Each structure stands twice: as structure tokens, then as C-alpha cells.
Amino acid sequence: MAAPTQSIIDTRRHQMFPKLEHQEIERVRRFGEVRRYAAGEALAKVGEIGHGLSIILAGKIDITQHDESGRRAPIVTHGIGEFMGELAQLAGRPVLVDAHATEPVEALIIPPDRLRALMVAEAELGERIMRALILRRMGLLETGAGGPVIVGRAENGDVLRLEGFLRRNGHPHQLLNPETDPEARALIERFHVDPGQLPIVLCPGGQLLRNPGETELARCIGLVRPIDPARLYDVVVVGAGPAGLATAVYAGSEGLSVLVLDCRAFGGQAGASARIENYLGFPTGITGIALMARAYNQAQKFGVEMAIPDEVIGLAPADDSAAGRFVLQLSNDERVSARAVVIASGARYRRPPVASLEAFESTSVHYWASPLEGKLCAGQEVALVGAGNSAGQAVVYLASQVAKVWLLARGPSLEASMSRYLIDRIRGLSNVEVLMQAQISGLEGHDGMLEAVRWRGPAGDEVRRPIRHLFLFIGAEPNTHWLAGSGVGVDSKGFVLTGADAGPSRGPLETSRQGVFAIGDVRASSVKRVAAAVGEGAQVVAALHAFLSASAIQSGTAKR
Ligand SMILES: Cc1cc2nc3c(=O)[nH]c(=O)nc-3n(C[C@H](O)[C@H](O)[C@H](O)COP(=O)(O)OP(=O)(O)OC[C@H]3O[C@@H](n4cnc5c(N)ncnc54)[C@H](O)[C@@H]3O)c2cc1C
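Asker: Honestly, the pattern of salt bridges in this entry has me stumped. Any pointers?
Answerer: Two side chains bearing opposite charge may form a pair once their charged atoms approach each other closely. Per the counting criterion, the structure on display carries 27 salt bridges. With a shortest N-O distance of 3.1 Å, R420 and D424 are connected by a salt bridge. Residue R420 and its partner D424 are both found in helix α13 (residues 420-427); the two are separated by 4 residues, about one turn of the helix. According to the relative accessible area criterion, R420 is partly exposed, its value standing at 44%. Looking at D424, the relative accessible area reads 43%, which means it is partly exposed. One salt bridge connects R454 with E462, and the closest N-O pair in it is separated by 3.4 Å.

Structure below.
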């Protein structure tokens, strides 16, 4: 991966590597304990769980990263008053860099839980540390250092899947192409890999995975760990989209024990948005992933546990013998227990009824338009189906990356479904052609690679264009299949009923089961917007407090 001309280390060095004042160090001593290291001793090793934040009290440490061929490359040397750590230290995840003492070192080690407490107790200092941790992660993302190395062709469907997964989870990684990279070829020979088994993934801990699933990869790099089956959380949130993350931030900051589960990545649909322009407070817009990454880090600061990717496949029906306890079943056979549940599992994309669509799904058919897809389609013609705001945003973004966008919509005009500002913007783009009353009639290609798209216009005439990438933005269905048999009521389309629609004496966001709440896109009659999802995520926390304290009083366990 080529390094950008001006790295974040060049432009933000001052904020990335701040030096703490003597008085500041004295103030935070209570959060950690002093440890000593001999010259040459390792303070951290890539792939191993870190100890937390290390503030250097005496001596110096070298921070290094592995480059693509495994050689150590220096990042920075920390001296007295500086600290070692990045985002992984907030949640006690594996370290992404190596750290060695270059001379005898004395360091104040602040473990992850105490680091989170420090950030809450020391607002200004906490903000400076948090900013440094985020910038350091961004620096690692730029180079891919410390993350797994994927060996395979960039346009291969499984490479795209794995890269997409790591990118959306904010995890650094590197890609080596065996066709152009001698190191990739050397790795393939060393591990006796058949070209048909590509991609392979080398994890920082040295393990080799052959075309792994996302869960296998996540476990190997320490993104997700087993959940304690004996633990009873106050709240389990299903879904880490804007609704689920908002619940996590407010519930975590108000002292509830929270576990958030998501089967893909944090950010949900919003995380896939190329640019959100209508979210309050961001007049120039913000990419969905940037907004969601901030929320994800914020939730972790308040001690919220994240299990991503972990899929919930069922909510056990009400059982008198387990009163006050909801049990969720995960696809990996684990179980999670909580005193209340928040359903924030959102919606998934609809697919048009076109023959052989599935054959092209991993490589040429896309359900969002992020910079990854933009790069893949650069300079080409693409087709996009849809007429809503997400389609409009994707068209505007793609038009800046590709030669031409064909926008196909079924209805007679965009006005009924798309915001005025997007319609105006699309009309001003010379490389976008809008075709109303048009429908995809066929897809052509080989080996999963799309070569041409056919569509029919209002007169029934069929057009064929040599197009290798098709984008689909035709609405969504609720992710509620996992609620079958749970006793949670849904409407005719599968969206979860809440409030008066769910039954008598139900609170505004409460489902037909007391103690189970639904928020965001998954909720029947919700407004399908990021701000609405975030608002409901905040609102539900008040309902959670009320439910938890009422059930504690009922069972006689109320705190005095
Ligand atoms: C491309 C695109 C662009 C958009 N742009 C905008 C915009 O500019 N402005 C705006 O206001 N809105 C926009 N939206 C809409 C907005 O993103 C959604 O309204 C919002 O994300 C809904 O949030 P949510 O948390 O309710 O659900 P989602 O964002 O759908 O998140 C649900 C999460 O639940 C997880 N999940 C589902 N089932 C399970 C399960 N069984 N177990 C575990 N996890 C599960 C999913 O993986 C997902 O991460 C856009 C949507 C898209 C697709």
C-alpha cells in the first residue's frame, strides 16, 4: 500500500504525541501503577493484549511497526511525560505496534478500565489523550500497520469482502497483490498456498487463515472475544447502527452495564453512507463512517462492551422461571443475559428480481458507495438503481469518481422520493443520465464479473451497455427474522410494533414484551434518518431506567 505524500504524523504530530506536564502526571498517578523495564525489554508486542496506557516517568521507548515484509520501521520515540497507547488500549484489545525500552524505563501503567475512568474524571486531559489515541489509530490505518495482511487480487470478491469488513470496523490492514508483489508470491510459496485458495490472511499473531469468514478473522485479530455466559448485563443492545450506538453512549455514561452486539460492523447503514449532509451540526457534511467511528469510540470511553461481529439469532420467549432475565442466543452458540433488551437491528437492502444477480454480488453489485467502491469504479461507466435520498447521495458521490452514472428509477419522477437539494445537484452533473420508468432486465458476465447491464425503458425497448458495476439503492426490509417466536409483535412488513400499537400500557418505545424496546429503522412508523435513530437511542435510556428500577423494586433488589 503506497504511503500518502503527507502522512497524519506529519500534519498532526503535535496532537498525536502530546507531552504531559509534571502536575498532570501527579494528578493521574492514582489511576495506575508504576512498573520498571530493563533496556531492550518489550513493553508491548503486536497481536498481544496490551496493558493499557503507559506514561513514561523515566527513560525512553521506541515504538515501531511492521512494514509489508515484516521489517521493523520506527514510528516515534517516547520520552519522559509522553505516553504510549492507541485506541485498542481503551477496550483492552491486542496491540498494533511494538514498543521496546531503549534504556531503563519507569512507566505509569493505566489499565483500560482505569483509563476510561480517567477520561471521565479528567475532562480536559481526557480529551487530549482521546484525541491522541484516535489520531494514532488513523495513522495506523493510513499505513495498514499492525493489522492483518491480505494476500489476493484487489478486485477478487473475497478480498473486497474482507477489506470492507476491516475498513468498516476501523481496523488497519495491508493488501498484497500476488500478480505484482514479489513479497506476496514469496508468502504464497512459503505457505504452499494453491492459487485457488486465495485470498489468504496473515494475522499479526502469525496465524495463517485461508479465505476466512469475517467472524474467523475477527477472532484471530482479537476484535471479538467470548462473552461471559454468567454475566447479567443491565442492557443488551442488538445492532450498532446510529440507534444502538446512541443507546450505548447514553446508557454507558449513566452507569448502566451495556453490551452491544452487531453481526457486521459498527455504524449500520449510516456507516455505509458516503456523505451525510443533513445531520445537525455538520454544515459541510460528514462521511457516515467518520460520524459512526466517533460514536463507537465514545461508547467505549463509557465502558460499553462491544461484540462485533456477533449475530443474534433468537430471543428466548418469556419464561416465569427466569423472571427478570432475557436470554439472547448467538449464532456461535453463545448466550447472553440481560435485564432489558433494546432492538436496534435496523434494515437491510432489497434486491430486484433479476436473474443471476447473486452471481455478481460479491464483485460487481454494490449496496453502498464508499471510497472503496469509488476507487474500484474510477473512470468507468456505472449503473445505479433507486430514487430515494440514499440513491441520490450515492449518485452525487459516484459522479465525482466515475466517467458516467446511469440512474435508473421505476417511477415517473424523482420528486416524490428524493430531497430537492439532491435532485438539483444531480441535474447539475454533466456525467449523470437520469432514466425514469426504467428497469433492469438482465445482467451479463463471467466468473462473477459483470460485463454488461441491460434495461428496459417506458416504451419497452431494451438497452445494453458495457457496465461492470451496478449499484442498488431500492429500499430496505427490517432485520427482524431473529425475533420469530420471541413474543415481540411486528407489523405486516415485519417492523417491530411499539407503544400503543404493541399493546395496552406500553411505553412509547416499548414492544409487546415488557422490558424489550425497539428503536431506529427497525421500529414500525419510525423516521428512517440518522438523527431520528440517534434521538430514539437517547430517549430509550430514560425508559430503560424506569423499567430497571421498577423491576428492581418488584424483586426487592432496589439499591438503597
Ligand atoms: C447508503 C445510505 C445513505 C444514507 N444516508 C443518510 C443521510 O444522509 N441522512 C440520514 O439521515 N439518513 C441516511 N440514511 C438512513 C440512515 O442510515 C438510517 O436511517 C439509520 O442508519 C438507521 O439506523 P439504525 O441504527 O436504526 O439501523 P441500521 O443503521 O440499519 O443499523 C442496524 C445494525 O444492526 C445490525 N444487525 C441486524 N441484525 C442483527 C442481528 N440479528 N444480530 C446482530 N446485529 C444485527 C446490522 O448489522 C446493523 O449494523 C442512509 C442510508 C443508507 C443505506
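Asker: What is the right way to read the nonpolar core from this model?
Answerer: Residues L217, L315, L328 and I343 are the most contacted members of the largest nonpolar core, which totals 76 residues. Excluding residues that lie within four positions of it along the chain, L217 makes contacts with P148, L162, F165, L166, V201, C203, L209 and P212. Residues A274, A369, L422 and M436 belong to the second largest nonpolar core, which totals 26 residues.

Asker: It is not clear to me how the packing of helix α9 (residues 242-253) against helix α14 (residues 530-554) should be interpreted in this structure. Could you clarify?
Answerer: The axes of two packed helices give the description: the angle between them and the distance between them. Axis separation between α9 and α14 bottoms out at 7 Å; the angle between their running directions is 40°. Comparing the axis directions of α9 and α14 gives the class oblique. In this structure, α9 crosses over α14, and the sense of that crossing is right-handed. Between α9, through P242, A243, A246, T247, Y250 and A251, and α14, the contact on the second element is made entirely by V530, A533, V534, G537, A538, V540, V541 and L544.

Asker: Which parts of the structure should I look at to understand the site of the ligand?
Answerer: Close to the ligand lie 36 residues, the nearest being D262, Q269, Q393, D521 and V530. With respect to the ligand, the backbone of A347 contributes an N or O atom lying 3.3 Å from an oxygen atom. Q393 has a polar side-chain atom sitting 2.5 Å from an oxygen atom of the ligand. Calculation on the ligand without its partners gives an accessible area of 1000 Å², and the protein chains cover 94% of this total. Only α9, β19 (347-349), α12 (389-399) and α14 provide two or more residues apiece to the shell around the ligand.

Asker: Could you clarify how one ought to interpret the sheet that holds strand β7 (residues 98-101) in this entry?
Answerer: Within a beta sheet, neighbouring strands are joined by backbone hydrogen bonds and run either parallel or antiparallel to one another. The 4 strands lie next to each other as β2-β7-β4-β5, forming an open sheet whose pairing is antiparallel. With one partner strand each, in any of the chains shown, β2 (42-44) and β5 (72-78) form the two edges of the open sheet. Across this sheet, the average inter-strand angle for adjacent strands is 30°, counted without regard to direction. Bridge analysis of β2 against β7 gives 2 bridges, and the strand direction is antiparallel. Among the inter-strand pairings, A42 is bridged to a residue of β7, identified as H100.

Asker: Even after reading the chapter, I still don't get the sheet that holds strand β11 (residues 200-202), so can you show me in this structure?
Answerer: Strand order in this open sheet of 4 strands is β10-β9-β11-β12, and the pairing throughout is mixed. Each end of this open sheet is capped by a strand with a single partner; those strands are β10 (174-176) and β12 (208-210). Taken pair by pair, the neighbouring strands of this sheet meet at an average axis angle of 20°, ignoring direction. The pairing of strand β9 (residues 149-151) with β10 spans 3 bridges and is parallel.

Asker: I would appreciate a short explanation of the packing of aromatic side chains in the present structure.
Answerer: Given two aromatic rings, their pairing is described by the distance between the two centres and the angle made by the two planes. Overall, the coordinates contain 5 aromatic pairs when judged by the stated rule. Look at W406 and W455: their rings are 5.3 Å apart centre to centre, the planes differ by 50°, and that puts the pair in the tilted class. Here the residue W406 occupies a position in strand β22 (residues 404-408), and W455 occupies one in strand β25 (residues 449-456), the gap between them amounting to 49 residues. For W406, a relative accessible area of 9% translates into the label buried. Note on W455: relative accessible area 3%, which makes it buried. Sitting over the face of the ring of W406, K404 holds its NZ or CZ atom 4.2 Å from the ring centroid.

Asker: How should helix α6 (residues 157-168) be read in this particular structure?
Answerer: The terminal C-alpha atoms of α6 lie 16 Å apart, and with 12 residues this matches the ideal 16 Å at 1.5 Å per residue to within 8%. Among the 12 residues in α6, 9 count as buried, and that is most of the element. Residues of α6 that are buried include every one of G157, V159, L160, L162, E163, G164, F165, L166 and R168, and no others. Capping the start of α6, N156 holds a side-chain oxygen 2.7 Å from the backbone nitrogen of D158, two or three residues further along.

Asker: What's the story with the packing of α12 against α13 in this structure? I'm lost.
Answerer: It is at 10 Å that the axes of α12 and α13 come closest, and there the two elements cross at 30°. Looking at the two axes, α12 sits roughly parallel to α13. At the point where α12 passes α13, the crossing takes the left-handed sense. The residues of α13 that touch α12, namely those facing N389, G392, Q393, V395 and V396, are Y421, L422, R425 and I426. Its residues placed into classes, the contact of α12 with α13 shows 5 nonpolar, 3 polar and 1 charged.

Analysis parameters
- Along every chain, residues carry numbers that run from 1 in the direction the sequence is written.
- With the structure being a predicted model, the display of local features is reserved for residues of pLDDT at least 70 and the display and counting of side-chain atom pairs for 80 or more, all residues being used for whole-chain, interface and lining totals.
- The basis for every side-chain value is the complete set of non-hydrogen atoms in the structure, without hydrogens or water.
- Here a salt bridge means any side-chain nitrogen of Lys or Arg lying within 4 Å of a carboxyl oxygen belonging to Asp or Glu.
- Only runs of H or I of at least four residues qualify as helices and only runs of E of at least two qualify as strands under DSSP, and these elements are numbered from the N terminus.
- Residue exposure (1.4 Å probe, protein chains only): buried if accessible area is under 20% of the type maximum, exposed if over 50%, otherwise partly exposed.
- Residues belong to a common nonpolar core when they are buried Ala, Val, Leu, Ile, Met, Phe, Trp, Tyr or Cys residues joined through side-chain atoms within 4.5 Å.
- Should any heavy atoms of two residues lie within 4.5 Å, those residues are counted as being in contact.
- Note on geometry: axes are lines fitted to C-alpha atoms, helical ones only across the stretch in contact, with angles between N-to-C directions running from 0 to 180 degrees.
- Orientation labels follow simple angle bins: below 35 degrees gives roughly parallel, above 145 gives roughly antiparallel, 65 to 115 gives roughly perpendicular, and whatever is left gives oblique.
- A clockwise turn of the near helix away from the far one marks a right-handed crossing, whereas an anticlockwise turn of less than a right angle marks a left-handed crossing.
- By convention in this text, a residue qualifies as near a molecule or strand provided that one of its non-hydrogen atoms is within 4 Å of it.
- Polar contact is defined as a pair of N or O atoms within 3.5 Å, subject to the rule that within protein one atom must be able to donate a hydrogen and the other to accept it, and that residues adjacent in sequence are counted only when both atoms are side-chain atoms.
- Per-residue and other accessible areas follow the Shrake-Rupley method at a 1.4 Å probe size, with only the shown protein chains counted as cover for residues.
- Here, a strand pair is defined by DSSP locating no fewer than two bridges between the strands.
- Here the aromatic set is Phe, Tyr and Trp, taking the six-membered ring for Trp, and pairing holds for ring centres within 6.5 Å; pairs whose planes are under 30 degrees apart are stacked, those over 60 apart are edge-to-face, and all others are tilted.
- Here, over-ring charges are defined by two tests on the NZ atom of lysine or the CZ atom of arginine: distance to the ring centre within 6 Å, and angle to the ring normal within 35 degrees.
- Given the number of residues in a helix, its expected span is that number minus one, multiplied by 1.5 Å.
- Basically, the charged four are Asp, Glu, Lys and Arg, the nonpolar ten are Ala, Val, Leu, Ile, Met, Phe, Trp, Tyr, Cys and Pro, and anything else, Gly included, counts as polar.

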